[in-house]
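Single-letter residue listing:
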Amino acid sequence: MRRLPAAVALAVAVSGCAGPPPPSDLPGAPVVVTLGDSVPVGTGCGCEPFPDRYAQLLSPAAVSIDLAQSGDTSADVREEVGHSDVRADLRRATVVLIMAGANDLAAAFDDERDDAVYEASADQVEANVVATVDTVLAVHGTPVSVLVLGYWNVVKDGEVGRAAYGDAGLASAHAATRYCNLALQRAARQAGARYVPTTAAFRGDRRTLDPTALLAADGDHPNADGQEAIAEAVYAAVPAG
């Protein structure tokens, strides 16, 4: 289901006085539009997802329009930007966040756990994300920041992933993730977007840390700390939008 724009919390005025209007009522307030899968939705977290948190980090605080949908593949997102209501939101955007591709590679992991299959799935991700960014830029018509986010893992990770797949399976999951992230990097470069990695936020600069503390109980989605880590990674990449 499509989520409505999130009102960003503002500082409360002196007791007895009305507070300032929400960002949606402020002239010139930036607008963050997000497309993607269950990670930006906030599935498994029960908390504010990273698009809303990132919007709050901007100055002035931004309106967050989170159009991500659980289960979406890169092809779903490519189709979504053809819808008239989505295009209307994109025209308002100051920043567009795209996080899609994990479900494409997750399907390949479930089916084969094979490098050739991963590569073929990643090629489709690349083509779909390039087309999505091209559409975003064409619909917007003026310069807009488009950020393509990578993944720390396209399936379960940490203690849950190890229990589900074993060490060999988890290594294969990391391989699938590398194919996905490389495809997303290529797509961003080709389409004129900026790639924002999240691997270091979850697994450290050397990719050796256990991300369990940043994951929800399902081992697949970020918890509140994980969502905050993604928001901070996006803000570090483009602090001013």
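Look up: the structure comes first, before these words.
As a starting point, this report considers the structure included with it. (Residues numbered from 1 in each chain as written. Predicted model: local features only at pLDDT ≥ 70, side-chain atom pairs only at ≥ 80, totals over all residues. Heavy atoms only, no water.)

### Quick word on helix α2 (residues 50-57)
- For α2, the tally of buried residues reaches six of eight residues, placing the bulk of the element in the interior.
- Among all positions of α2, only F50, P51, D52, R53, Y54 and A55 are buried.
- Buried positions along α2 lie against β1 (31-36), α1 (38-41), β2 (63-66), β3 (95-99), β4 (145-149) and α9 (224-237). (Buried < 20%, exposed > 50% of the residue type's maximum accessible area, 1.4 Å probe, protein only. Helix = DSSP H or I, 4+ residues; strand = E, 2+ residues; numbered from the N terminus. Contact = heavy atoms within 4.5 Å.)

### Quick word on the sheet that holds β3
- The parallel open sheet is built from five strands, whose spatial order is β2-β1-β3-β4-β5. For this open sheet the edge positions go to β2 and β5 (194-196), each flanked by a neighbour on one side alone. For this sheet, the mean inter-axis angle between neighbouring strands, taken without regard to orientation, is 25 degrees.
- Where β3 and β4 come together, four bridges link them in parallel fashion. Note that in β4 the partner of V95 across the bridge is S145.
- Sitting on the sheet, helix α7 (residues 158-191) is in contact with β4 and β5, with an inclination near 155 degrees to β5. (Pairing = 2+ DSSP bridges. Axes fitted to C-alpha atoms, helices over the stretch in contact; angles between N-to-C directions.)

### Some details on the pairing of β4
- Burial analysis of β4 places four of its five residues in the buried class, the great majority of the element.
- One ladder, built from three bridges, connects β4 with β5; its direction is parallel. Across the sheet, V148 pairs through a bridge with Y195, a residue of β5.

### Things to note about the nonpolar core
- Within the largest apolar cluster, 65 residues are counted, with the highest numbers of intra-cluster contacts made by L35, L90 and V96.
- Counting residues per element, this core draws most heavily on α7, which supplies 10 residues. (Core = buried A, V, L, I, M, F, W, Y, C linked by side-chain atoms within 4.5 Å.)

### Description of a negative patch on the surface
- Together, D110, D111, E112, D114, D115 and E119 give the surface a local cluster of negative charge.
- Where the negative patch is concerned, the elements lending two or more residues are α5 (102-111) and α6 (115-140).
- Locating D115 in the fold gives a position in helix α6. (Patch = residues over 30% accessible without salt bridge, like charges linked within 9 Å, V, L, I, M, F, W, Y side chains within 5 Å. Areas by Shrake-Rupley, 256 points an atom, 1.4 Å probe, with all protein chains shown as cover. Salt bridge = Lys/Arg side-chain N within 4 Å of Asp/Glu carboxyl O. Lys, Arg positive; Asp, Glu negative; His and termini not counted. Charge placed at Lys NZ, Arg CZ, Asp CG, Glu CD.)

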